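# Inside the fold
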Amino acid sequence: MTVTQTEQAPAAIAEEADAGRLEWIDPLTDFLPDEPEKSRVIVDPFNHRKKRKDGEQDTTKPDPALIASVDAVGVQQAPVLRPQVGENEGKLGIVMGQRRMKAARAAAEKAKAEKRKYRKVLVIIRDDLKGADDEALAGSMVENVHRAAASVQDDLDAAQQLALMVNAKRVPKARKTQLAAAIGRTEEELDAAHKVAQMDAETLEDLRDEEIEFDWVELGDYDEVKDVPNAQVTLMQAKAKDEQEGNAKRGAWKTAMQELRAKKARTERIETLKAELAEQKVTTVHWVWNWSYSTARPLEELVSKIGMPMSEQGHGETCEGHAATIDPDAAEVVWLCVDWKKHGHRIAGAAQDDDGDGEPGEEEAAKAEAAREERRRVKVNNLAWRTARAGREAHIADMCKDKGEAPADVKDLIMRTLLVSDGHYVHYVGSQEHGAMLAKFLGDERLTRQPKDVIASLIKKTASKRYWWVLFAHVAGYYEAEHMKDDAWRGEPHYHHGPSVRGRIRPATAEWITFLKRHGYGMTEVEAETVATAEQEAKAEAERRAEQERQREEREAARAAWKAENPAPDEDEDEDEADDGEEDYQYDDMDEEYEEPAGTVENADPETEGETDPSANEADEQEDAPAQDGQEDGEQE
């Protein structure tokens with residue numbers, strides 16, 4: 001019996017591909033991208049990134065991050081080269097890794113300029129691809145396409161690993177800079193790795209599709225405020241502004257982030273207020289920008305029939321029109337009456353007409369509207385000024401961490417402040433804010449009460465070249481506490497009449513904001529307006545002083561001319577005239593009060609009658625002159 005054996009499928013066989021051979025390439029002597037005819041290594045004509053049309057230049061360049069990485073740890077992934085044919089016979093063409101080779105060239109040139117060693121590049125030479133142009137091009141395309149597809153996930157994976165390493169302190173501080181450079185990132189980005197690790201891939205994909213290039217710090221910040229309307233556009237504009245101004249401290253970006261965070265906080269606060277009002281079953285209406293065109297009015301603008309102010313509690317208990325709305329800018333509840341006429345209320349300050357409805361006239365309505373807009377402006381700007389403080393103080397704290405020598409203008413500011421020691425400075429040093437500001441800017445809560453042992457410890461551990469920065473924290477606290485109060489943007493409160501009457505903006509306020517801007521701080525809108533207003537006021541004051549000086553010179557000139565036309569009599573002649581037959585008079589009663597007859601003028605001259613010394617009223621004019629800069633009204637009195 002013949003047994004037929006069942007045919008079996010052949011077993012799978014693992015095939016070994018040509019792995020190529022390894023060779024070290026000197027990026028300075030072997031690779032001359034600007035002189036390909038002299039270079040042993042060239043970009044392969046069929047490299048995916050190479051320009052192949054006549055007249056086109058190859059613009060593929062490594063980014064600074066890649067160059068920094070190669071300079072720090074060398075090329076970690078070997079480029080692939082193949083022998084050339086034809087007119088390039090004897091040369092090696094780069095099939096994969098053109099940017100890595102150019103980065104190695106740039107890093108080597110930098111090392112040579114700094115007189116230090118540089119690294120050669122280990123490459124893979126594929127002899128099997130010699131003349132196989134289609135395979136070379138396909139391999140180059142596959143590498144680039146796969147890199148693009150995996151870039152988002154690669155960033156996420158790298159961020160997650162680095163976040164774990166840094167947070168667990170497995171990376172020594174001394175190696176942090178080297179590690180950051182090795183992966184083409186900065187130390188600041190390394191610190192933000194944990195934020196990027198929490199991002200969803202969809203957000204990163206959307207940014208990449210829109211060709212928006214944010215680094216890890218910017219990605220982490222954007223993810224925090226991405227739901228705020230126009231956040232992406234706002235941050236792109238801020239980044240462009242920093243790049244245009246060469247602001248390496250991201251001043252405009254940080255300011256934009258501070259404002260976006262504030263908007264996000266207001267939005268969340270509004271949602272919370274809405275939920276609370278709904279829970280309390282309070283009638284709510286939409287916010288109205290101009291209440292003059294609405295039947296509703298805020299309670300702060302209303303009074304009862306007998307002219308009494310209206311409170312939220314009292315109105316809620318007695319009026320059916322009681323309701324609430326939410327101010328979107330201030331994120332606070334505004335209580336109102338939905339129909340103030342119907343419920344018998346009156347506009348505060350309006351004259352009651354014959355009908356008794358308290359409808360204000362046009363002039364009164366205009367004044368009320370102006371007062372309403374001013375209250376709103378003050379409220380909004382106060383909020384913006386307080387919002388700016390957090391970003392400004394964070395910037396100051398970063399400045400105080402500087403480990404290098406303080407710039408000349410920082411030293412000048414410190415010297416001027418300490419040596420002048422005006423009343424504001426003396427007040428600050430004696431206040432509780434002094435210690436609080438030091439603790440905030442130097443990052444040591446123990447400084448709040450300024451105990452001697454903590455101060456001694458601070459001095460001992462501070463390097464001598466950093467003394468200026470400790471003093472800067474002290475001076476910065478003075479400016480922030482004394483010249484950047486919540487309403488500093490409005491100007492100096494009147495000495496007698498209080499905050500409702502305002503003078504000029506303090507020069508120190510504008511000076512401080514401008515100083516910080518020179519050191520990378522991004523001014524907010526309200527700060528920029530404050531500085532502009534202060535400059536206008538200073539210009540007007542300079543013009544006023546110049547006019548005063550001109551008038552004084554004119555008075556002096558007129559006085560000199562008058563004296564020239566009316567010379568004083570010679571003293572010798574007066575004595576001679578007194579001796580010529582005139583008797584000396586002596587009053588018998590010295591207590592008798594002598595009163596010169598009205599209308600008489602000593603030494604009157606008919607030709608000069610009516611002329612007076614032009615300087616006669618100078619003292620009166622001097623009394624009416626405004627006080628000098630920094631002089632309080634109380635000092636004038």
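Residues numbered from 1 in each chain as written. Predicted model: local features only at pLDDT ≥ 70, side-chain atom pairs only at ≥ 80, totals over all residues. Heavy atoms only, no water.

### Considering the overall build of the protein
For the protein, the count of helices and strands is 22 helices and 12 strands. Within the protein, buried positions represent 35% of all 637 residues. In the protein, 70% of the contacts between residues at least 6 apart in sequence involve partners at least 24 apart. Element-wise, carbon and sulfur atoms account for 50% of the exposed surface of the protein, whose accessible area totals about 40,600 Å². (Helix = DSSP H or I, 4+ residues; strand = E, 2+ residues; numbered from the N terminus. Buried < 20%, exposed > 50% of the residue type's maximum accessible area, 1.4 Å probe, protein only. Contact = heavy atoms within 4.5 Å. Areas by Shrake-Rupley, 256 points an atom, 1.4 Å probe, with all protein chains shown as cover.)

### Focus: the sheet that holds strand β5 (residues 121–125)
In spatial order, the strands read β1-β5-β3-β4-β2; together these 5 strands make up an open sheet with mixed pairing. Taken across any chain shown, the strands that pair with only one partner, and hence form the sheet edges, are β1 (21–25) and β2 (41–43). Mean inter-strand twist for the sheet, computed between neighbouring axes without regard to direction, equals 45 degrees. Here β1 runs beside β5; their pairing, made up of 5 bridges, is antiparallel. By the bridge assignment, glutamate 23 is partnered in β5 with valine 123. Of the strands in this sheet, β1, β2, β4 (92–96) and β5 are in contact with helix α2 (residues 98–113), which crosses β4 at around 120 degrees. (Pairing = 2+ DSSP bridges. Axes fitted to C-alpha atoms, helices over the stretch in contact; angles between N-to-C directions.)

### A word on the confidence of the model for the protein
Detailed reading of the predicted coordinates is not advisable wherever pLDDT falls low. This prediction gives the protein a mean pLDDT of 80; 75% of its residues lie at or above 70. Per-residue pLDDT stays below 50 along residues 51–55; that stretch engages in 8 contacts with residues further than four places along the chain or on separate chains. Below pLDDT 50 for its whole length, residues 581–637 participates in 36 contacts with residues either more than four positions away or in separate chains. (pLDDT = per-residue confidence, 0-100.)

### Examining unusual backbone geometry
Positive phi outside glycine occurs at asparagine 230, with the angle close to 65 degrees. Relative to the elements of secondary structure, asparagine 230 occurs in the loop between α8 (216–225) and α9 (231–245). For asparagine 230, a relative accessible area of 58% gives the class exposed. Positive phi values are uncommon outside glycine, yet serine 421 reaches one of about 50 degrees.

### Looking at the pattern of salt bridges
Where charged atoms from two side chains of opposite charge approach closely, those side chains can pair. Under the counting rule described, the total for this entry stands at 46 salt bridges. For the salt bridge of aspartate 215 with arginine 250, the shortest nitrogen-to-oxygen distance reads 3.0 Å. Taken as a pair, aspartate 215 in the loop between α7 (201–209) and α8 and arginine 250 in the loop between α9 and α10 (251–279) lie far apart in primary sequence, 35 residues in all. Neither residue differs from the other here; aspartate 215 and arginine 250 are each classed as buried. Among the charged side chains, a network of salt bridges with common partners joins Glu188, Asp215, Glu218, Lys239 and Arg250. (Salt bridge = Lys/Arg side-chain N within 4 Å of Asp/Glu carboxyl O.)

### Some thoughts on the packing of aromatic side chains
According to the stated counting rule, one finds 12 aromatic pairs in the structure shown. Arranged with centres 6.0 Å apart and planes meeting at 55 degrees, the rings of phenylalanine 214 and tyrosine 222 form a pair that is tilted. Comparing phenylalanine 214 with tyrosine 222 shows no difference in burial state: the two are buried. Measuring from ring centre to ring centre gives 5.9 Å for tryptophan 287 and tryptophan 289, while their planes differ by 85 degrees; the resulting arrangement is edge-to-face. Through pairs of rings, three or more aromatic residues link up here, namely Tyr425, Tyr428, Trp469, Phe472, Tyr478, Tyr479, Trp512 and Phe515. (Phe/Tyr/Trp six-rings, centres within 6.5 Å; stacked < 30°, edge-to-face > 60°.)

### Notes on the sheet that holds strand β9 (residues 332–337)
Strand order in the open sheet formed by 3 strands is β6-β9-β8, with antiparallel pairing between adjacent strands. Either end of the sheet is taken by a strand with one partner, and the two such strands are β6 (297–298) and β8 (322–327).

### Side note on the nonpolar core
Membership of the largest hydrophobic core comes to 39 residues, with the highest contact counts inside it found for Ile396, Phe472, Trp512 and Phe515. Secondary structure elements with two or more residues in this core: α12 (362–400), α13 (408–420), α14 (423–429), α15 (433–442), α16 (452–461), α17 (467–483), α18 (507–518) and α19 (525–565). The element contributing the most residues to this core is α17, with 9 residues. In contact with phenylalanine 472, other than residues within four places in its own chain, are Ile396, Met399, Cys400, Val410, Leu413, Ile414, Trp512 and Phe515. With 20 residues, the next largest nonpolar core counts Ala193, Met199, Tyr222 and Leu260 among its residues. (Core = buried A, V, L, I, M, F, W, Y, C linked by side-chain atoms within 4.5 Å.)

### Examining the environment of glycine 131
Of note, glycine 131 is situated in the loop between β5 and α3 (133–167). By relative accessible area, which is 47% here, glycine 131 ends up partly exposed. Once you skip the residues sitting within four places of it in the chain, glycine 131 turns out to touch Arg82 and Val85.

### Focus on α17
It helps to recall that an α-helix has 3.6 residues per turn; residues three or four apart then point in one direction. With 17 residues, α17 ought to run about 24 Å at 1.5 Å a step, and its terminal C-alpha atoms sit 24 Å apart, in line with that. Across the 17 residues that make up α17, a large majority, 14, are buried. (Expected span 1.5 Å × (residues − 1).)

### Structural notes on the pairing of β5
Burial along β5 is one-sided: the face carrying Val121, Val123 and Ile125 is buried and the face carrying Leu122 and Ile124 is not. Both strand β3 (residues 80–83) and β5 contribute to a ladder of 2 bridges, which runs parallel. From the neighbouring strand, leucine 81 faces β5, where its bridge partner is isoleucine 125.

### So, the packing of α13 against α17
Geometry of a packed helix pair, given as the angle between the helix axes and the separation of the axes. Contact geometry of α13 with α17 gives a least axis separation of 10 Å together with a crossing angle of 60 degrees. Taken together, the axes of α13 and α17 are oblique relative to one another. In this structure, α13 meets α17 at a crossing whose hand is left-handed. Facing α13, whose interface residues are Val410, Lys411, Leu413, Ile414, Met415, Thr417 and Leu418, α17 presents Trp468, Trp469, Leu471, Phe472, His474, Val475, Tyr478 and Tyr479. Here the contact of α13 with α17 is composed, by residue class, of 12 nonpolar, 2 polar and 1 charged. (Parallel < 35°, antiparallel > 145°, perpendicular 65-115°, else oblique. Left-handed = near helix turned anticlockwise from the far one by under 90°. Nonpolar A, V, L, I, M, F, W, Y, C, P; charged D, E, K, R; others polar.)

### Some words on the environment of isoleucine 212
By secondary structure assignment, the location of isoleucine 212 is in the loop between α7 and α8. Between the C-alpha atoms of isoleucine 212 and glutamine 232, which are 20 residues apart in sequence, the distance is 9.3 Å.

### Focus on the packing of α18 against α19
Axis separation between α18 and α19 bottoms out at 9 Å; the angle between their running directions is 125 degrees. Comparing the axis directions of α18 and α19 gives the class oblique. Pair α18 / α19 crosses with left-handed handedness. Together, Thr509, Ala510, Ile513 and Thr514 of α18 and Glu527, Thr530, Val531 and Ala534 of α19 make up the contact between the two elements. For the contact of α18 with α19, the residue count by class is 4 nonpolar, 3 polar and 1 charged.

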